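Here's the letter readout for the chains.
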Amino acid sequence: MDRKEFRDLASPEEAREAIRSLSLEGGIDRVSLSDARGRVLVARLDAELDVPGFDRASLDGYALRARDTFGADEADPARLEVTGEVHAGEKPEVSVGEGEAVEISTGAVMPSGADAMVPVERTDRVEPRSTDETSGDAASTDGGGVLIRTSVAPGDNVMFAGADVAAGERALGPGTRITPRDIGLLSALGIDEVPVRAKPRVGIVSTGDELVRPGDELESDRGEIHDVNSYTIAAGVEDAGGEATLYPHAGDDQAEMERILREAAAECDLVLSSGSTSASAVDVIYRVIEEQGELLLHGVGVKPGKPMLVGRLDDSAYVGLPGYPVSAMMVFRTFVAPAIREAAGLPETETATITGRMARQERYGEGRLRLMPVGLVRDGDGETLVYPVDKGSGATTSLAEADGVVEVDPETDYLETGETVTVSLFSPDVRPPTLLGVGEDDPTLNRLLDGLENPRYLSVGTRPGLRRLREGVPDVAVVAGPLDRDADAVELGGWEREWGLLVRPGNPDGIEGLADLVDDDLRFVNRTTDSGLRSSLGTAVADLADDRGVERREIVESIAGFDLGLRAHESPARKVATGEADAGLGLRRTADRLGLAFVSLGTQPVRALANADRREKRGVREFEAALGELPGGR
């Protein structure tokens, strides 16, 4: 297949216009009240009945004629005869005449003849009058009366029919996003089904022969990776008001890709694919769109996200997202989510923003709008600092470790340290971490972090951790190995860890030390040069070279795999456990946890260093206190 180069890159606004030109609306649904929350009405709803549909008592008390209470007060109450009672949910069987009252419950129908009611707190029940008091007349048939200690006016403490909503009134208008309060109103009106704007149906197709769905077994030696985009994009669609459908994974075969895309197009208002949008020879999706639909643009002047497609496929709208997770989600958030919200009838969310100062200089100068993921941290004075979080478009943790995005103008060559920038937060409830730490990956450290309120820790290794601490970005750096102490940092404490060689259970190769890796034909897996363990190993290699009277380089070249460095502390152990290596550099705690044998090469100090200006920051003090509680902690 011939290589297809990118066309002229569209501007971000041209990309938005192209997506706006596509129809994403899904029509009208009729949904029950139980499914109506958050949906958007497409038509006005008028009240077909009065709410309430009758005059009702607002309180427990007595229904009466207001004129019978005129002049009544605490000193001179009015006495009325009680002729009956009315409870909520029953039809009154009594009426109120002159000098009479009816006991009534909250919400009950007001009896005929009554035009007001008095709360029970302003009354006293009394015994019936004697025959002497009534000049020989028969006593009241209910055998009782009530003293009214206040006067009321007609209508007092009564909700008349239609006082809440009157028949014929406009209840809710089109475009209303239905809230729990609205559902209460609709329930009161007896409406059990409402017409709402249908959620845009969005079909999601991930492409690429290398992808495997989460839960299925990976074959890493074939270059397989888990499909990240399908699930993250589906969650984004639901957040934006759409209805996501995951379609079967499509490989790089054009016929199969075409079949799945056309199936999705027949059933959905919008088809989103990820991957197969770049200009490489194996990426064919743009050919499917050109041959079976209409390609409106290919390539947008943004970073990340240049390989973006917009077009039509049959009667459905189509957007092709880049394959790398960071690129895919940034393009979705910037261009696609607003279009889904508009089609769903939802207002565009008010983007929560925060201003802060750049914690360090960041160069750019690529001539494209940059959507830069950033993290936030508070300095010692409580001011917000902003630092880039960018491990590359293929690293899913770039977004997981970020708090928001800074848009960098295409003409901007660099952002200076201390320069004020505006961050669009990923959500309004984003807050900077209480502690930002960088440095070594260590199991003891992980346990410490679990006890803190809201920490963020970036496992970058000892040397990068020290460099970032000098730049003034993190609160603390955790470092290990034979390194000189940074004069500008404050040591908070630390611990010792035992390091050495991780070997298979039972140590079948009989490895006793570093010399066996040099003398025997064994496969070794090292850590990266950023790791503190690598520093200690380097010292041990130098000592062995001195003992043998040879150059250090000769020892290194004799160890098969010495230059293969893995980043995380458990990675070499996993290589040993699967039989891909005979020995790996690691910790005794890792060997114990994974059931491996261990050959000790010594102990290593781990130190927690703090930015001197943030020693009194609450998160730093809590971390220091946790360090002090470690058994043998320093």
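All chains use their own residue numbering, which begins from 1 and follows the written sequence. Local features in this predicted model are restricted to residues of pLDDT 70 or higher, and side-chain atom pairs are both shown and tallied only at a pLDDT of 80 or more, whereas totals for entire chains, interfaces and linings draw on every residue. The side-chain numbers reported here are obtained from all heavy atoms of the structure, hydrogens and water having been left aside.

Colleague: Would you explain the overall build of the protein in this entry?
Modeller: Comment: elements are numbered from the N terminus, with helices defined as DSSP H or I runs of at least four residues and strands as E runs of at least two. Of regular secondary structure, the protein possesses 15 helices and 36 strands. Every radius of gyration here is taken over C-alpha atoms, with the globule rule written as 2.2 Å times N^0.38, N being the number of residues. Against the 2.2 N^0.38 benchmark of 26 Å for 634 residues, the protein shows a C-alpha radius of gyration of 37 Å, more extended than a compact globule. For each residue, the accessible area found with a 1.4 Å probe, counting protein chains only, is set against the maximum for its type, and the residue is called buried under 20%, exposed over 50%, and partly exposed in between. Burial status across the protein gives 49% buried among its 634 residues. Pairs at least 24 apart in sequence give 72% of the contacts found in the protein among residues at least 6 apart. The Shrake-Rupley method, run with a 1.4 Å probe sphere, supplies the accessible areas, and residue values consider only the shown protein chains as cover. Counting only carbon and sulfur atoms, one obtains 44% of the accessible surface of the protein, whose full area is about 29500 Å². Asp and Glu are treated as the negative residues and Lys and Arg as the positive ones, with His and the ends of the chain left uncounted. Lysine's charge is taken at NZ, arginine's at CZ, aspartate's at CG and glutamate's at CD. The average position of the 70 basic charges and that of the 117 acidic charges among the side chains of the protein differ by 5 Å. Between two residues, a contact is recorded if the distance between any of their heavy atoms is within 4.5 Å.

Colleague: What should I look at first to understand the nonpolar core in this one?
Modeller: A general tendency of soluble globular proteins is for nonpolar side chains to be buried together. In this description, a nonpolar core means a group of buried Ala, Val, Leu, Ile, Met, Phe, Trp, Tyr and Cys residues linked to one another through side-chain atoms lying within 4.5 Å. The biggest cluster of nonpolar side chains holds 38 residues, and the ones touching the most others in it are I233, L270, L272, F332, F335 and V336. Where this core is concerned, the elements lending two or more residues are α1 (12–20), β13 (201–206), α3 (229–239), β17 (270–274), β21 (316–321), α6 (325–343) and β24 (369–378). When residues of this core are assigned to their parent elements, the largest contribution, 12 residues, is made by α6. With residues near it in sequence (within four places) discarded, F335 still touches P12, A15, R16, I19, V300, V302 and M308. In terms of nonpolar packing, the next biggest core, distinct from the first, is built from 23 residues, L533, A545, F562 and V599 among them.

Colleague: Would you explain the packing of α1 against α6 in this entry?
Modeller: Two numbers describe a pair of packed helices, the interaxial angle and the distance between the axes. One way to put it is that α1 packs onto α6 with a least axis distance of 10 Å and a crossing angle of 30 degrees. By the angle between their directions, the pair α1 and α6 is classed as roughly parallel. Taken as a pair, α1 and α6 cross one another with a handedness that is right-handed. Listed contacts from α6 to P12, A15, R16 and I19 of α1 are T334, F335, V336 and A339. Three categories are distinguished: nonpolar for Ala, Val, Leu, Ile, Met, Phe, Trp, Tyr, Cys and Pro, charged for Asp, Glu, Lys and Arg, and polar for the others, with Gly belonging to the last. Here the contact of α1 with α6 is built from residues that sort into 6 nonpolar, 1 polar and 1 charged. A fitted line through C-alpha atoms represents every axis, and for helices the fit uses only the stretch in contact; the resulting angles, taken between N-to-C directions, go from 0 to 180 degrees. Any angle that is under 35 degrees is reported as roughly parallel, and any over 145 degrees as roughly antiparallel; angles of 65 to 115 degrees are reported as roughly perpendicular and all others as oblique. Less than a right angle of anticlockwise turn of the near helix away from the far helix marks a crossing as left-handed, whereas a clockwise turn marks it as right-handed.

Colleague: Can you help me understand the pairing of strand β22 (residues 353–358) in this one?
Modeller: Each regular strand displays side chains that alternate between the two surfaces of the sheet. Pairing of β22 with strand β28 (residues 420–425), which is carried by 5 bridges, proceeds in the antiparallel orientation. Paired with R357 across the strands is T420, a residue of β28. As paired strands, β22 and strand β25 (residues 384–388) are joined by 2 bridges and run parallel to one another. Counterpart to M358 in the pairing with β25 is V386. Pairing between strands is defined by DSSP: at least two bridges between the two strands are required.

Colleague: Where do I start with unusual backbone geometry in this structure?
Modeller: Note on backbone geometry: most residues besides glycine have negative phi, and most peptide bonds are trans. The amide bond that connects V51 to the next residue, P52, takes the cis arrangement and shows omega of -5 degrees. Within the secondary structure, P52 is located in the loop between β2 (45–46) and β3 (56–57). With an omega of -5 degrees, the peptide bond between K303 and P304 qualifies as cis. Among the structural elements, P304 can be located in the loop between β19 (302–303) and β20 (309–313). A positive phi angle, near 45 degrees, is found at N507, a position not held by glycine. With respect to the helices and strands, N507 occurs in the loop between β32 (489–503) and α10 (514–519).

Colleague: What am I meant to see in the packing of aromatic side chains here?
Modeller: Given two aromatic rings, their pairing is described by the distance between the two centres and the angle made by the two planes. Under the pairing criterion, centres of Phe, Tyr and Trp rings, with the six-membered ring standing for Trp, must be within 6.5 Å; the plane angle then separates stacked pairs below 30 degrees from edge-to-face pairs above 60, leaving the rest tilted. Scanning all chains against the criterion turns up 1 aromatic pair. In this structure, R363 is placed above the aromatic ring of Y414, and the distance from its NZ or CZ to the ring centre is 5.5 Å. By definition here, charges over rings are those cases where NZ of Lys or CZ of Arg is within 6 Å of the ring centre and within 35 degrees of the ring normal.

Colleague: Explanation requested: the sheet that holds strand β33 (residues 524–527) in the structure shown.
Modeller: The strands that make up a sheet are held in pairs by hydrogen bonds between backbone atoms, and each pair lies either parallel or antiparallel. The 8 strands lie next to each other as β30-β29-β31-β36-β32-β35-β33-β34, forming an open sheet whose pairing is mixed. Whereas interior strands pair on both sides, the edge strands pair on one side only; in this sheet they are β30 (455–459) and β34 (565–566). Pairing analysis gives 5 bridges linking strand β29 (residues 435–439) to β30, with the strands arranged parallel. If you follow G439 over to β30, its bridge partner there is S459. Relative to the sheet, helix α15 (residues 618–628) contacts β29, β31 (476–480), β32 and β36 (597–611), its axis offset from that of β32 by approximately 50 degrees.

Colleague: I'm lost on α3 in this one. Help?
Modeller: Helical periodicity: at 3.6 residues per turn, an α-helix aligns residues three or four positions apart in one direction. Every buried residue of α3 is accounted for by N229, S230, I233, A234, G236 and V237. End-on view of α3: buried residues confined to an arc of 160 degrees, all on one side of the axis. One or two positions beyond α3, positive phi appears at G241, with a value near 100 degrees. The arc under discussion is defined with respect to the helix axis, by the directions toward the C-beta atoms.

This is a description of form; function is not addressed.
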